[in-house]
Amino acid sequence: MNNKDVERDPRVDAIPDVHGHAKGEHKLYAEERPIPYTARMLFLWFFHACQRSSPRFMMVADHMNYLTFEDPAAVNLVRRALKLAHAGDLYGAAETAGVEVGHAQVVSEGLRRGMHYSIGAEVDNDPRSRPDAQNIVDAMRPDAMIRSVHFLTIDHPELGAGYQWAFDNPEFQQLYEHVGIDKVWELYMATLLDAIEKLPGHIVGHFYVPTKFGHWPEDAKLDQYENQLIDACAARGMAIELNSRFFYRTFADDEHSKRRYRNVNLRLLKKAKARGVGIAVGSDAHSPKDQGNSFDVILELLDKAGINELVFPVNGRMARVALRATEELLKQQATPPPPPIGSSVSGFGRAELAARDGGVYTEPEYTTKRGTKAALKAAAAKTAAAKAAAAKEAAAQAAIAKAAAKKAAAEKAAAEKAAAAAKKKAEAEKKKVVAAKLAAAKKVAAEKKKLAAAKKAAAKKVALERKRVAVAAKKLNAANKKAAAAKKAAAKKVAFEKKRAAAATAKINAAKKAAAKKAALEKKRAVDAAKKINAAKAAAAKKIAAAKKIAAAKKIAAAKKAAAAKKAAAAKKAVAAKKAVAAKKAGRKPAKRLAARGKPRPAKKSRTSASKRPATKSGSKKKSKPRR
Ligand SMILES: [Zn+2]
Ligand SMILES: [Zn+2]
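Residues numbered from 1 in each chain as written. Chains lettered and ligands numbered in written order. Predicted model: local features only at pLDDT ≥ 70, side-chain atom pairs only at ≥ 80, totals over all residues.

**Q** Help me understand the overall build of the protein chain, please; the structure alone is not making it clear to me.
**A** Helices and strands together make up the secondary structure of the protein chain, namely 17 helices and ten strands. Residue burial in the protein chain is summarised as follows: out of 628 residues, 23% are buried. Restricting the contact set of the protein chain to residue pairs at least 6 apart, pairs at least 24 apart contribute 77%. (Helix = DSSP H or I, 4+ residues; strand = E, 2+ residues; numbered from the N terminus. Buried ≥ 20, exposed ≤ 12 C-beta atoms within 10 Å, placed from the backbone. Contact = placed C-beta atoms within 7 Å.)

Laid out in structure tokens, this is it:
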């Protein structure tokens, strides 16, 4: 676009651009939020094209997930502003769209040159879109809808089945390895064909989007997919977008991919042409500078495919727009053949030709036959008459000239007067313009101030959002830390508890051991005690036995003594008795008793009984004692 010195094919500017995003560049996936349209935003998107005079036909089409409730009203407002600008009401247009008069003027001039602005939408399958998104799109009364697929439903390796994968977003690029190129294309085709069949749409957007990161299927397979696309579009009367973003952005630094992209698009264009499927061209610009970007490459492709007619949505219908001239016609125009003046081919009438040659019309001279007098006379008369007529005509012409001069003088005077008046008026107009300019400048300054404030507010918002994210991250971090600490503490506690338990068991074991030892000791002691007791018992028994023996010996000795004493006593008694008997024998009484009992026996008997009795007596005594 900057190479103005290189000869630029004027048809490039005539290529309608159906795909542009006034809401701007993509943001990080998690940070994308709906952005409301304003009449100003939409007006300025077209202003840039008008300033360049290219592309002449343009449609804005923003994404589904950016939609807001304000959008239909903003679209209505900008349409009214465009009407006012087209009618030349610059102040009205500027005020309605919220732009400066200068903007309105550029757009007004563009519209009067034949530029056109359509407003549509890129309707895709973004899961972040609000559920009533299609209703909002409908309320915008879009001139057309671009149907596209930006998400595939896959089994995520961590998040499981039913995951909505933004497959053309570089943030999620690594999932291609998980899904695989063939599966990606299978899923893409199924999703796209289903959407074409069942959902509203006029143009299929960027068909080759899965190749964005270089993921090309086998060529035979791609050929087959293209055929399926052509069939589906033919059945639904939808057009196919030839997307130029891949040339200036996606494959900008990748000549190999660019060539490949060019080749498959050429194949697709030829197929579409053969089937009567319309082709729409889209720059997919997310910034004004990319409107119509790489349309020179697009034109080459169109020429190669022999396509001179493109589809562009106008007032809600798909218009077929021929590029302003064919290549052949332009070549012809470069060396135009001189038109044959005066021929019927030129298309000019005689009077027109005369006017072109300075107002004098001369009849071609007729050849006359000479020879006869009459003829000569007639000729002379004719000449005289002609002369008279000429003189008369000259006089008349002179009169007319005089009158004309008079009229001219009068006109000149009038013109001078008018010029003076005009000058005065112009001066007043100038003054007015200056005042308007001043007012406009004032307005511009106010607008600038407003813009600066808005920018500041936006920056503040962004900063706030960033801060919020940072705080959340910090919070998360802290929570993680806390959790880790808690885990550690718990582990420590468990270890401690284990240790304690081990110590307790050790203590118990020690106690058990000590108890066993004690018990053994006790047992030993008991045994020892028993031994001692036994020994003591034995000793005691011995003692007793000894004592008994001694006692017995003593008793026996005593008894013997006693027996000896008794024997002695008995012997004494016997002596005494003998003496008594001897005395009685001397007296009566002892004589009689002796006589009654017998005579010698008492002596004998008492001897024996006396020796025996003490023994029996002691024996009975001994026996009765232990029995007690
Ligand atoms: Zn898209
Ligand atoms: Zn897009």
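**Q** Would you mind showing me how to read the pairing of strand β7 (residues 239–243) here?
**A** Every regular strand shows the same layout, with side chains that alternate between the two sheet faces. Here β7 lies mainly inside the structure; five of its five residues are buried. On β7, burial covers both faces: Ala 239, Glu 241 and Asn 243 on one face and Ile 240 and Leu 242 on the other are all buried. By the bridge criterion, two bridges tie strand β6 (residues 203–204) to β7 in an arrangement that is parallel. In the sheet register, Val 204 faces β7, and the bridge partner there is Ile 240. Each parallel crossover has a hand, and for β6 linked through helix α9 (residues 219–236) to β7 it is right-handed. (Pairing = 2+ DSSP bridges. Right-handed = clockwise from strand over helix to strand, strands pointing away.)

**Q** Sorry, what's going on with unusual backbone geometry here?
**A** Glycine aside, residues mostly have negative phi, and peptide bonds are mostly found in the trans state. Residue Pro 55 is bonded to the preceding Ser 54 through a cis peptide linkage, with omega at -10°. Despite not being glycine, His 206 has its phi angle at roughly 25°, a positive value. Position of His 206 among the secondary structure elements: in the loop between β6 and α9.

**Q** Looking at this structure, how should I read the nonpolar core?
**A** Note on soluble globular proteins: their nonpolar side chains tend to be buried together. Counting 89 residues, the largest nonpolar core has Leu 42, Phe 43 and Ile 240 as its most contacted members. For this core, the element with the highest residue contribution is helix α2 (residues 39–52), accounting for nine residues. Not counting chain neighbours up to four residues away, the residues in contact with Leu 42 comprise Ala 22, Tyr 37, Val 60, Ala 74, Val 75, Val 78 and Ile 119. (Core = buried A, V, L, I, M, F, W, Y, C linked by C-beta atoms within 7 Å.)

**Q** Hey, could you run me through the sheet that holds strand β1 (residues 57–63) in this one?
**A** The strands that make up a sheet pair up through hydrogen bonds in the backbone, lying either parallel or antiparallel. Pairing within the open sheet is parallel, and its six strands lie in the order β1-β2-β3-β6-β7-β8. Strands at the two margins of the open sheet, each flanked by one partner only, are β1 and β8 (279–282). Sheet topology note: the β1/strand β2 (residues 116–123) ladder contains seven bridges and is parallel. Bridge assignment links Met 58 to a residue of β2, and that residue is Tyr 117. Its contacts with the sheet place helix α11 (residues 255–275) against β7 and β8, and it is angled at close to 155° to β7. (Axes fitted to C-alpha atoms, helices over the stretch in contact; angles between N-to-C directions.)

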